[in-house]
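Analysis of the macromolecular model
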Amino acid sequence: MDIKTVKNLVAILENSSLNRLEVEDQTDGGTLRVSLEKNAAGAAPQVVVHESAIMQQPTERPVKPAVDGAGESILDYNLVEEVTSPMVGIFYAAPGPDAPAFVTKGQKVKKGETLCIIEAMKLMNEVVAERDGEVVEICAQNGNLVEFGQVLFKLF
């Protein structure tokens, strides 16, 4: 579990009515458990990390998804990057109402390619791919409000 994931968990807790949040991540090297708990009103959440074994990073990671016996893709989620919203605004998957979407699930994208538009205060802001990859999930719906840091896409 990386620091970005922990920060996202803290943001979820701060922006919710929850008082406590626990997440457990099991890998080959052991179990990592993160407990978040809100303190007194206005105070930042307390983060407690418990490791049951030493976490070791794999020395080699696959560059392509594995395929099971039925031909279904099995993704290594350690290689999936989340593209998050840089601001609060309206998510648009296409440049216009009758235009095709910028990207679709399964489409390969290049670094710098436009993934969507976020409208904020009557300004249209393009969200672009920060690396080459394949769109494995589109997490926002066209025309819906998105929050700062909300996951919009997952790229493999």
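A brief report on the enclosed structure follows.

Reading the values: rules and limits
- What you see as residue numbers is a count from 1 along each chain, following the sequence as written.
- Only residues with pLDDT of 70 or above have their local features reported here, since the model is predicted, and side-chain atom pairs are shown and tallied only from 80 upward, although totals for entire chains, interfaces and linings are computed over all residues.
- Excluding hydrogens and water, the side-chain figures rest on all heavy atoms present in the structure.
- The definitions used throughout rest on a 1 Å grid laid over the protein atoms alone, on which a cavity is an enclosed set of points accommodating a 1.4 Å probe that cannot get out and a pocket is an open set flanked by protein within 12 Å on both sides along at least five of seven lines; lining residues are those having an atom within 4 Å of a point.
- Grid points are joined across faces, edges and corners, and a volume is the space filled by probe spheres set on the points.
- For this classification, Asp, Glu, Lys and Arg are treated as charged, while Ala, Val, Leu, Ile, Met, Phe, Trp, Tyr, Cys and Pro are nonpolar and the rest, including Gly, are polar.
- Two strands pair under a simple rule: DSSP has to find at least two bridges between them.
- Elements are defined by DSSP. Helices are runs of H or I of four residues or more, strands are runs of E of two residues or more, and each kind is numbered from the N terminus.
- Each nonpolar core is a collection of buried residues, namely Ala, Val, Leu, Ile, Met, Phe, Trp, Tyr and Cys, held together in the definition by side-chain atoms within 4.5 Å.
- Each residue gets one of three labels from its accessible area relative to the maximum for its type: buried under 20%, exposed over 50%, partly exposed in between, using a 1.4 Å probe on protein chains only.
- Contacts are assigned to residue pairs with any non-hydrogen atoms lying within 4.5 Å of each other.

Volume-wise, the second largest pocket comes out at about 230 Å³. The wall of the second largest pocket is formed by Lys7, Asn8, Ala11, Ile12, Asn15, Glu147, Phe148, Gly149 and Gln150. Split into classes, the residues belonging to the lining of the second largest pocket amount to three nonpolar, four polar and two charged.

Strand order in the open sheet formed by four strands is 6-13-11-8, with antiparallel pairing between adjacent strands. With one partner strand each, in any of the chains shown, strand 6 (81–84) and strand 8 (108–109) form the two edges of the open sheet. As paired elements, strand 6 and strand 13 (residues 151–155) share four bridges and run antiparallel to each other. Bridging across to strand 13, Val83 finds its partner in Phe153.

Moving on, we come to the nonpolar core. One finds Phe91, Val109, Leu115, Cys116, Ile118, Leu152 and Phe153 to be the most contacted residues of the largest nonpolar core, which totals 16 residues. In contact with Ile118, not counting residues within four places along its chain, are Ser85, Met87, Gly89, Ile90, Phe91, Leu123, Met124, Asn125, Val127, Val146 and Leu152. Counting residues in hydrophobic clusters, the runner-up holds six residues, among them Val10, Leu13, Val34 and Leu36.

Interpretation note: all reported values are geometric properties and have no functional meaning in isolation.
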